[in-house]
Amino acid sequence: MADRNDVGGPGPLRRALMLLLKLAVSAGLLGLLLARTDLSRLWLSARQASPLWLALALVLYLAMILLSGWRWKLLLDAQHVRVAFGRLVNSYLVAVFFNNFLPSNIGGDVIRIKDTAPQAGSKTLATTIVLMDRGLGLLGLLAVAAFGASVTGRMGGRPPILASMLWLALAGGVAVAAVAVLLPGGVGRLLSPLRLIHREWIDERIKRLTGALARFRGAPGALATCLAGAVLVQAVLVAFYAAVVRSMDIPLSPWHLAVIVPVSFVVQMAPVSLNGFGVREATFAYYFSRLGLSIESSLAVSFMGAGLVILFSLSGAAAYWCRGSRWVLEGASAGVPPAAGSR
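Worth saying up front: this structure is predicted, and the values here are computed from it rather than measured.

### Some thoughts on the overall build of the protein chain
Part 1 of the argument: On a plain count of helices and strands, the protein chain comes out with 14 helices and 0 strands.
Part 2 of the argument: The order of α-helices and β-strands along the protein chain, N terminus first, is α-α-α-α-α-α-α-α-α-α-α-α-α-α.
Part 3 of the argument: Every one of the 343 residues in the protein chain was classed for burial, and the buried ones make up 45%.
Part 4 of the argument: Across the protein chain, contacts joining residues at least 24 apart in sequence account for 75% of those joining residues at least 6 apart.
Part 5 of the argument: When the accessible surface of the protein chain is split by element, carbon and sulfur atoms take 70% of a total near 17,100 Å².

Shown next, in the form of structure tokens:
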């Protein structure tokens, strides 16, 4: 019965104020950037973009989704949770749609957790798996950025972001992840003050969390493969933006994109803007300006990339619409009751 005593989230007024604040930040940053932009040049760059290169970018984004689904399945298998690959891809597509059409990137993770909680038998376990996927994805992102910064540094000139800073951040992230996996009991002790909220409820969640971390400790091969997959996912994402850059004949090395793309995603994790709009464009504009490229080119790449992602994410709406009875039947065939209660 303790499973129903969930901790309440922020009230409607607070959520509305947070949304207005994010909207103000995004609108303010975009307004400042566009005020310094030659809109005719920006429009010309977008209008002259090669359709073939943009089509290739969409194919690369699909490849990234498939790789992400494969990584997710590795982690689920490591926890002895069996979910069909096609089902995970469907969930990822729906998550991408929610991420782009809800004012928070948490929405997609909620979908992924909800879709796998019945098979996992626990929302806590499903959440732990998604968080591990997120964490390894962040490490892969830092690895690509650090390597890209190292290469651009050797190409001559001082890169806008020092490789040493990125390698240090990567080392710190790996250390934290290693401690969490190797010493799950320490994670439990770290979270023990939360028992003041509701002892029985928190104890049960800590037990499931530490149990999941212990099982990950027993599957180092799966974690290593998933981390390698995370690096590959980020490399494909860089290739996506490289295709966007090539479509508009912007003279920017893919190695610089290997830095700016991951860094822009790290910056967007800060919950201060509406789906990253404004913050992403400001990051691109800063990096491009340090390379002597125009603000118009930076905004063209950022807006075109975001536009393609939004266009692609509409496939998630179709995936969600097509679930219907097929989704229920797939769950039933896997031995999961459609209305199974997860904890």
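### Quick notes on the side chain of Arg 71
Part 1 of the argument: Along the chain, Arg 71 falls in helix H3 (residues 51-78).
Part 2 of the argument: Classification of Arg 71 as buried rests on a relative accessible area of 5%.

### Notes on the environment of Ser 313
Part 1 of the argument: Topologically, Ser 313 is positioned in helix H13 (residues 295-321).
Part 2 of the argument: Judged by relative accessible area, Ser 313 falls into the buried class, the value being 1%.
Part 3 of the argument: Along the primary structure Ser 313 and Val 94 are separated by 219 residues, whereas in three dimensions their C-alpha atoms are 7.8 Å apart.
Part 4 of the argument: With near-sequence residues (within four places) excluded, Ser 313 lies in contact with Val 96, Phe 97, Asn 100 and Phe 101.

### Description of the packing of H3 against helix H10 (residues 220-247)
Part 1 of the argument: One way to put it is that H3 packs onto H10 with a least axis distance of 9 Å and a crossing angle of 170°. Of the possible angle classes, the one that applies to H3 and H10 is roughly antiparallel.

### So, the nonpolar core
Part 1 of the argument: Grouped together as the largest cluster of nonpolar side chains are 86 residues, with contacts concentrated most on Tyr 61, Ile 65, Phe 240, Leu 257 and Val 301.
Part 2 of the argument: For Leu 257, the residues in contact, after removing those within four places along its chain, are Val 238, Tyr 241, Ala 242, Val 245, Leu 252 and Pro 262.

### Things to note about the pattern of salt bridges
Part 1 of the argument: Inspection of every chain in the model, using the stated rule, returns 12 salt bridges.
Part 2 of the argument: In this structure, the salt-bridge partner of Arg 112 is Asp 109, at a minimum N-O distance of 3.6 Å. In this pair, Arg 112 and Asp 109 both sit in helix H5 (residues 106-120), 3 residues apart, roughly one turn of the helix.
Part 3 of the argument: In this structure, a network of salt bridges that share partners links the residues Arg 71, Asp 109, Arg 112, Asp 133 and Arg 134.

### What to know about the confidence of the model for the protein chain
Part 1 of the argument: Scored by pLDDT, the protein chain has a mean of 87; 89% of the residues are at 70 or more.
Part 2 of the argument: Across residues 1-8, confidence stays below pLDDT 50; counting only partners more than four residues off in sequence or on other chains, it has 11 contacts.

### Let's talk about helix H7 (residues 163-182)
Part 1 of the argument: Taking 1.5 Å of rise per residue, the 20 residues of H7 would be expected to cover 28 Å, and the 28 Å separating its terminal C-alpha atoms lies within 8% of that figure.
Part 2 of the argument: Turning to H7, its buried residues number three or more, namely Ala 163, Leu 166, Leu 170 and Val 181. One face of H7 carries all of its buried residues, which in axial projection span an arc of 65°. Set apart from the buried face of H7 by more than 90 degrees, the exposed residues are Ser 164, Met 165, Leu 168 and Val 176.

### Points about the packing of aromatic side chains
Part 1 of the argument: Inspection of every chain in the model, using the stated rule, returns 10 aromatic pairs.
Part 2 of the argument: Ring geometry for Tyr 61 against Phe 312: centres 5.1 Å apart, planes inclined by 65°, an arrangement best described as edge-to-face. One end of the pair, Tyr 61, is in helix H3; the other, Phe 312, is in helix H13, and 251 residues separate them in sequence. One exposure class covers both Tyr 61 and Phe 312, and it is buried.
Part 3 of the argument: Plain terms: the ring middles of Trp 72 and Tyr 92 are 5.8 Å apart, the flat faces sit at 85° to each other, and that makes the pair edge-to-face. Highlighted residues: Trp 72 in helix H3 and Tyr 92 in helix H4 (residues 85-101), separated in sequence by 20 residues. Per residue, the accessibility class of Trp 72 equals that of Tyr 92, and both read buried.
Part 4 of the argument: Three or more aromatic residues link up through ring pairs in this structure, and these residues are Tyr 61, Phe 240, Tyr 241, Phe 284, Phe 288 and Phe 312.
Part 5 of the argument: The ring of Trp 72 carries Arg 112 above its face, with NZ or CZ at 4.4 Å from the centroid.
Part 6 of the argument: Sitting over the face of the ring of Phe 277, Arg 280 holds its NZ or CZ atom 4.6 Å from the ring centroid.

### Details of a nonpolar patch on the surface
Part 1 of the argument: A contiguous nonpolar surface patch, about 420 Å² in accessible area, is contributed by Leu 13, Leu 17, Leu 20 and Leu 23.
Part 2 of the argument: Tracing the chain through its elements places Leu 23 in helix H1 (residues 12-35).

### Let's talk about the environment of Ala 300
Part 1 of the argument: Residue position: Ala 300 is located in helix H13.
Part 2 of the argument: We classify Ala 300 as buried; its relative accessible area is 4%.
Part 3 of the argument: Through-space distance from the C-alpha of Ala 300 to that of Arg 41 is 9.4 Å; in sequence the pair is 259 residues apart.
Part 4 of the argument: The contacts of Ala 300, once residues within four sequence positions are left out, are Leu 42, Ser 45 and Met 248.

### Considering the packing of H1 against H13
Part 1 of the argument: Put simply, H1 and H13 touch, their axes get as near as 10 Å, and they point 140° apart. Considering the angle they form, H1 stands oblique to H13. Between H1 and H13, the contacting residues are Leu 30, Leu 33 and Leu 34 on the first element and Ile 295, Leu 299 and Phe 303 on the second.

### As for the environment of Arg 134
Part 1 of the argument: Relative to the elements of secondary structure, Arg 134 occurs in helix H6 (residues 123-154).
Part 2 of the argument: Taking the C-alpha atoms as reference points, Arg 134 and Ala 230, separated by 96 residues in sequence, lie 9.4 Å from one another.

Cut-offs applied
Residues numbered from 1 in each chain as written. Predicted model: local features only at pLDDT ≥ 70, side-chain atom pairs only at ≥ 80, totals over all residues. Heavy atoms only, no water. Helix = DSSP H or I, 4+ residues; strand = E, 2+ residues; numbered from the N terminus. Buried < 20%, exposed > 50% of the residue type's maximum accessible area, 1.4 Å probe, protein only. Contact = heavy atoms within 4.5 Å. Areas by Shrake-Rupley, 256 points an atom, 1.4 Å probe, with all protein chains shown as cover. Axes fitted to C-alpha atoms, helices over the stretch in contact; angles between N-to-C directions. Parallel < 35°, antiparallel > 145°, perpendicular 65-115°, else oblique. Core = buried A, V, L, I, M, F, W, Y, C linked by side-chain atoms within 4.5 Å. Salt bridge = Lys/Arg side-chain N within 4 Å of Asp/Glu carboxyl O. pLDDT = per-residue confidence, 0-100. Expected span 1.5 Å × (residues − 1). Arc of directions from axis to C-beta. Phe/Tyr/Trp six-rings, centres within 6.5 Å; stacked < 30°, edge-to-face > 60°. Lys NZ or Arg CZ within 6 Å of the ring centre and 35° of its normal. Patch = residues over 30% accessible without salt bridge, like charges linked within 9 Å, V, L, I, M, F, W, Y side chains within 5 Å.

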